[in-house]
Amino acid sequence: MKDIFELYGLKVDEYSIENFGSGLINHTWLISNGNKYILQKINKDVFTNPSLIDENINLLDSYLKQSKPEYNFIIPLPSLNGKTIVDYKDEYYRLIKFIPSKVYSVVDNVSIAFEAAKQFGKFTKNLSGFNASRLNETIPHFHDIQLRYNQFEQAIKKNNQERINHAEKLIQSLQQHKNIVDEYNNILQSAAFKKRVTHHDTKISNVLFNDHNKGIAVIDLDTIMPGYFISDVGDMLRTYLSPVSEEEINFNLIEVRDEYFKAVAEGYLSEMKDELSKEELNAFVYAGKFMIYMQALRFITDYLNNDVYYGAKYELHNFNRAKNQLRLLECLIEKEDYYNSIIKNIAQRE
Ligand code: GN1
Ligand code: MG
């Protein structure tokens, strides 16, 4: 730590250091004395070329400084030699000014859902004039659900036979939803779906709120890449509709809440309605199915691969997470027609 602090002109013995946040991938510390900072070590197994993240963030920052100078885009602080990412002993770190704010891990208030969705909509809208293809793919094929499905199928063929047996029923139920992958392949063929600057991790803990529950900024910029709006809307539906998170093992508590669906739709579309094509708007509910299903596939695949990606706090952790997501998917599908009609109404308004 001492050497890393020195790269920023900070003295390690003047700060207290504690683990921070709930991310699964990077390691995050809060370091404080009078000043507070977030220090992060980037997970190199996941982000094999961390400078791609840094390039993206700086490109967007320059663009926003010119075109939307009032937009709050929080990029890391420069080190003494002006770098917003530093490498030390083959590991990558960055330092970010800590913003006093409120962060939520579950959504228990519709106005929070509305506000978060508005923030993510605003993010993409503010960057609609930026050519998304200029951005690096920090994780190639990150939300390519066909690839995720193939990885799932591969994991069923080889690997841990004991876990494959244990998961047999869950595997079968997941295979029955493969039409969600087919629909994605149709989207890839459609000219009506545009590649935009997409956040790709729109969970509620990635929005900072002020005391009045207004959004201050969106954070966790590692997976900003060219992508489809279904990734961002989908991950909000995945994480805001249910009163419990992907960690919940009492699956009876999982549900999709109509008023939260409306809040996400109203919040996101208050910024993005005019940006989206008719076909994209029609895929709003599909976005939720897409992201929930993909997350279920990723969790079960990781379970079958002995938890190499997400890690696990107990034997069945990723199995339970996958089961949780399957339950959520089933809840959403039950209400699909009703939710589609809500989107139609918003689309037809004025
Ligand atoms: C990971 O590390 P974190 O919590 O920001 C994952 C997301 C998943 C999420 C599930 C790079 O995000 O895609 O949705 O876990 N990020 C990566 O909790 O794989
Ligand atoms: Mg993330």
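Before any of the text, the structure's been laid out above.
Calculation notes
- Residues numbered from 1 in each chain as written.
- Chains lettered and ligands numbered in written order.
- Predicted model: local features only at pLDDT ≥ 70, side-chain atom pairs only at ≥ 80, totals over all residues.
- Heavy atoms only, no water.
- Helix = DSSP H or I, 4+ residues; strand = E, 2+ residues; numbered from the N terminus.
- Rg over C-alpha atoms; globule rule 2.2 N^0.38 Å.
- Buried < 20%, exposed > 50% of the residue type's maximum accessible area, 1.4 Å probe, protein only.
- Contact = heavy atoms within 4.5 Å.
- Areas by Shrake-Rupley, 256 points an atom, 1.4 Å probe, with all protein chains shown as cover.
- Lys, Arg positive; Asp, Glu negative; His and termini not counted.
- Charge placed at Lys NZ, Arg CZ, Asp CG, Glu CD.
- Core = buried A, V, L, I, M, F, W, Y, C linked by side-chain atoms within 4.5 Å.
- Domains from an automatic or database assignment.
- Phe/Tyr/Trp six-rings, centres within 6.5 Å; stacked < 30°, edge-to-face > 60°.
- Pairing = 2+ DSSP bridges.
- Axes fitted to C-alpha atoms, helices over the stretch in contact; angles between N-to-C directions.
- Donors = N, O, S within 2.8 Å, 3.2 Å for Na, K, Ca; no water.
- Expected span 1.5 Å × (residues − 1).
- Parallel < 35°, antiparallel > 145°, perpendicular 65-115°, else oblique.
- Left-handed = near helix turned anticlockwise from the far one by under 90°.
- Near = heavy atom within 4 Å.
- Polar contact = N/O pair within 3.5 Å; in protein donor to acceptor, adjacent residues only side chain to side chain.
- 1 Å grid on protein atoms, 1.4 Å probe; cavity = no way out; pocket = protein on both sides within 12 Å on 5 of 7 lines; lining within 4 Å.
- Sits in = over half its atoms within 2 Å of the grid points.
- Nonpolar A, V, L, I, M, F, W, Y, C, P; charged D, E, K, R; others polar.
- Salt bridge = Lys/Arg side-chain N within 4 Å of Asp/Glu carboxyl O.

Another point: the overall build of the chain. Across its full length, the chain holds 13 helices and nine strands. In terms of overall dimensions, the chain is globule-like: its C-alpha atoms have a radius of gyration of 20 Å, near the 20 Å expected for 350 residues. When its C-alpha atoms are laid out on the principal axes, the chain stretches across 55 × 55 × 35 Å. The 350 residues of the chain split such that 53% are buried. Sequence separation of at least 24 residues holds for 73% of the intrachain contacts in the chain that already meet a minimum separation of 6. Of the roughly 16300 Å² of accessible surface on the chain, 47% is carried by carbon and sulfur atoms. Charge centroids of the chain, computed over 41 positive and 48 negative side chains, lie 2 Å from each other.

Our next topic: the nonpolar core. In terms of nonpolar packing, the biggest core is built from 99 residues, with Phe73, Ile230, Phe261, Tyr268, Phe284 and Ile300 touching the most fellow members. Both domains that furnish three or more residues to this core are identified here as domain 1 (2-97) and domain 2 (110-348). Ignoring sequence-local partners within four residues, the contact set of phenylalanine 73 consists of Ile57, Leu60, Asp61, Leu64, Phe123, Leu221 and Ile224.

A separate point is the packing of aromatic side chains. The full count for this structure, using the stated rule, is 15 aromatic pairs. Taken together, a centroid distance of 6.1 Å and an interplanar angle of 80 degrees make the contact between phenylalanine 20 and phenylalanine 98 edge-to-face. With phenylalanine 20 in the loop between strand 1 (16-19) and strand 2 (27-32) and phenylalanine 98 in the loop between strand 5 (91-97) and helix 3 (110-126), the pair connects residues that are 78 residues apart, well separated along the chain. By relative accessible area, which is 35% here, phenylalanine 20 ends up partly exposed. Consider the rings of tyrosine 63 and phenylalanine 130, whose centres lie 5.4 Å apart with planes at 75 degrees: the pair is edge-to-face. Of this pair, tyrosine 63 sits in helix 2 (residues 50-67) while phenylalanine 130 sits in the loop between helix 3 and helix 4 (145-157), placing them 67 residues apart in sequence.

Before going further, it helps to examine the sheet that holds strand 3 (residues 36-41). The strand order across the open sheet formed by five strands is 1-2-3-5-4, and the pairing between neighbours is antiparallel. If you trace the sheet from one side to the other, it starts and ends with strand 1 and strand 4 (86-88), each paired once. The sheet shows a mean angle of 30 degrees between the axes of neighbouring strands, direction not considered. Bridging between strand 2 and strand 3 involves six bridges; their strand directions are antiparallel. Bridging across to strand 3, leucine 30 finds its partner in isoleucine 38.

With that settled, consider the coordination of the magnesium ion (ligand 2). Only Asp201 (OD) and Asp220 (OD) from the protein reach the magnesium ion (ligand 2) as donors, at distances of 1.9 to 2.1 Å. On the criterion of sequence distance, the pair formed by aspartate 201 in the loop between strand 6 (196-198) and strand 7 (207-209) and aspartate 220 in the loop between strand 8 (215-218) and strand 9 (225-227) is long-range, its members being 19 residues apart. Using a relative accessible area of 27% as the deciding quantity, one classes aspartate 220 as partly exposed.

Our next topic: helix 2. With 18 residues, helix 2 extends 26 Å between its outermost C-alpha atoms, agreeing within 8% with the 26 Å of an ideal straight helix rising 1.5 Å per residue. Tucked into the core, helix 2 has its buried residues touching strand 5, helix 3 and strand 6.

Let's shift gears to the packing of helix 7 (residues 179-189) against helix 11 (residues 284-304). Two numbers describe how helix 7 lies on helix 11: the axes approach to 10 Å, and their chain directions differ by 120 degrees. Of the possible angle classes, the one that applies to helix 7 and helix 11 is oblique. Judged by the twist between their axes, the crossing of helix 7 over helix 11 is left-handed. Seen from helix 7, the contacting residues are Ile180, Val181, Glu183, Tyr184 and Ile187; seen from helix 11, they are Tyr286, Lys289, Phe290 and Tyr293.

Here the focus is the site of ligand 1. Around ligand 1 lies a shell of 16 residues, among which Lys203, Glu246, Gln295, Arg298 and Tyr309 are the nearest. Aspartate 201 places a side-chain nitrogen or oxygen 2.9 Å from an oxygen atom of ligand 1. Among the detected pockets, ligand 1 sits in the largest pocket. The class makeup of the residues in the shell around ligand 1 is eight nonpolar, two polar and six charged. Two domains each provide a minimum of three residues to the shell around ligand 1, namely domain 1 (2-97) and domain 2 (110-348).

In the structure shown here, the tally under the stated rule is 16 salt bridges. In this structure, aspartate 61 engages lysine 65 in a salt bridge whose closest nitrogen and oxygen atoms are separated by 2.7 Å. Placement of both aspartate 61 and lysine 65 in helix 2 is noted, with a separation of four residues, approximately one turn of the helix. Judged by its relative accessible area of 55%, lysine 65 is exposed. One salt bridge in this structure joins lysine 335 and aspartate 258, with 2.9 Å as the shortest N-O distance. A residue pair is termed long-range when its members are at least 10 positions apart, and lysine 335 in the loop between helix 12 (317-334) and helix 13 (336-348) and aspartate 258 in helix 9 (residues 258-272) qualify at 77 residues.

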